[in-house]
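# Structure assessment
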Amino acid sequence: MSQIKIPTPEKMQKYPWATTAVVLFSVCVFLTFKLLQKPVGCETEVKVWRDLYLQEKGNSDKLRDAIYVKNGVIYQQEVEKKKLDSTIRQKLGEKAKRIVEGKEN
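Residues numbered from 1 in each chain as written. Predicted model: local features only at pLDDT ≥ 70, side-chain atom pairs only at ≥ 80, totals over all residues. Heavy atoms only, no water.

## Description of the overall build of the chain
In terms of regular secondary structure, the chain is built from 5 helices and 0 strands. Helices and strands appear in the chain in the N-to-C order α-α-α-α-α. Taken across its 105 residues, the chain has 1% of its residues classed as buried. (Helix = DSSP H or I, 4+ residues; strand = E, 2+ residues; numbered from the N terminus. Buried < 20%, exposed > 50% of the residue type's maximum accessible area, 1.4 Å probe, protein only.)

## Focus: a nonpolar patch on the surface
A surface patch of nonpolar side chains, amounting to about 370 Å² of accessible area, comprises Val23, Val27, Phe30 and Leu31. With respect to the secondary-structure elements, Leu31 resides in helix α2 (residues 16-36). (Patch = residues over 30% accessible without salt bridge, like charges linked within 9 Å, V, L, I, M, F, W, Y side chains within 5 Å. Areas by Shrake-Rupley, 256 points an atom, 1.4 Å probe, with all protein chains shown as cover. Salt bridge = Lys/Arg side-chain N within 4 Å of Asp/Glu carboxyl O.)

## Side note on the confidence of the model for the chain
Close inspection of predicted coordinates is inappropriate for parts of the model with low pLDDT. Confidence in the prediction for the chain averages 79 pLDDT; 88% of positions are at 70 or higher. Across the chain, element-level confidence peaks in α2 with a mean pLDDT of 91 and bottoms out in helix α5 (residues 94-101) with 71. (pLDDT = per-residue confidence, 0-100.)

## A short note on the pattern of salt bridges
For the structure shown, the criterion picks out 1 salt bridge. For Arg64, the salt bridge identified is with Asp61, shortest N-O distance 3.2 Å. Separated by 3 residues within a single helix, Arg64 and Asp61 lie in helix α3 (residues 42-71), roughly one turn from each other. Its relative accessible area of 26% is what places Asp61 among the partly exposed residues.

As C-alpha cells, this is what we get:
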C-alpha cells in the first residue's frame with residue numbers, strides 16, 4: 001500500500017504559491033459545503049416566524065381598524081351598506097324580507 005506524501009515545511013517554503021492555492025481551495029470548498037448544508041429544524045423556525053408575522057399583522061389590522069373607526073371611515077361604510085341593503089329590499093319587496101329573516105331558503 002502506498003503512503004500519502006505529506007508536504008514538509010521545507011517544501012511549503014519552496015513553493016509558497018502552491019501551498020497558498022491549496023489552502024484557499026480547501027477553505028472555499030469547506031465554506032461552500034457549510035453554506036449549502038440545510039440547517040436542522042429549518043421548517044420549525046420558518047413556521048414560528050410565519051406565526052409571529054401573522055400575529056403582528058393581525059395586531060396592525062386591529063390598529064388600522066381602530067384608526068378608521070376614530071376617523072369615521074368605517075362608520076361611513078356601515079351607512080352605505082345599510083343604504084344599499086334598504087335599496088335592495090325596496091326593489092325586491094316582500095320576498096327579500098323573508099329571505100333576510102330566514103323564512104325562505
